[in-house]
Amino acid sequence: MVNDAVSRLAASAASTQPLTTAGFIAFGIGVPTFGYALRKQLDGYAWLSAVVSGIATLGVAALPLDVSPTVGERPQQHPK
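Rules behind the numbers
- Residues numbered from 1 in each chain as written.
- Predicted model: local features only at pLDDT ≥ 70, side-chain atom pairs only at ≥ 80, totals over all residues.
- Heavy atoms only, no water.
- Helix = DSSP H or I, 4+ residues; strand = E, 2+ residues; numbered from the N terminus.
- Buried < 20%, exposed > 50% of the residue type's maximum accessible area, 1.4 Å probe, protein only.
- Contact = heavy atoms within 4.5 Å.
- Areas by Shrake-Rupley, 256 points an atom, 1.4 Å probe, with all protein chains shown as cover.
- Expected span 1.5 Å × (residues − 1).
- Phe/Tyr/Trp six-rings, centres within 6.5 Å; stacked < 30°, edge-to-face > 60°.
- Lys NZ or Arg CZ within 6 Å of the ring centre and 35° of its normal.

Q: What's the story with the overall build of the chain in this structure? I'm lost.
A: When its secondary structure is counted, the chain shows 3 helices and 0 strands. Classification of the 80 residues of the chain by burial places 22% in the buried group. Residue pairs in contact within the chain that sit at least 24 positions apart in sequence constitute 50% of those at least 6 positions apart. When the accessible surface of the chain is summed, it comes to about 6100 Å², and 65% of that surface belongs to carbon and sulfur atoms.

Below you can see the structure in the form of structure tokens.
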């Protein structure tokens, strides 16, 4: 069972990082491609949302958590 956020699954030391990053890259390429096709079929700016979403996802793939000792640190778990 997966109990972590998607960005945590793509953290630099996570065992799931390669697969999660590959999924981010596929989404980051596929959704803007869909957005470009959408632009040709529909009036308006719905296509732009798809393109921006894909580009943002590529940013998440390029900048995984836990690379910097100060940015993306996992918060301390407090005992209950």
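Q: Which parts of the structure should I look at to understand helix 2 (residues 17-41)?
A: For the α-helix, the turn length of 3.6 residues means that residues three or four positions removed from each other point alike. Between its first and last C-alpha atoms helix 2 spans 36 Å; for 25 residues at 1.5 Å apiece the expected length is 36 Å, and the two agree. Packing partners of the buried residues in helix 2 comprise helix 1 (6-9) and helix 3 (46-62).

Q: Sorry, what's going on with the packing of aromatic side chains here?
A: What characterises a pair of aromatic rings is the spacing of the ring centres plus the angle enclosed by the ring planes. What the rule picks out here adds up to 0 aromatic pairs. Over the ring of Trp 47 we find Arg 39; its NZ or CZ atom is 4.6 Å from the centre of that ring.

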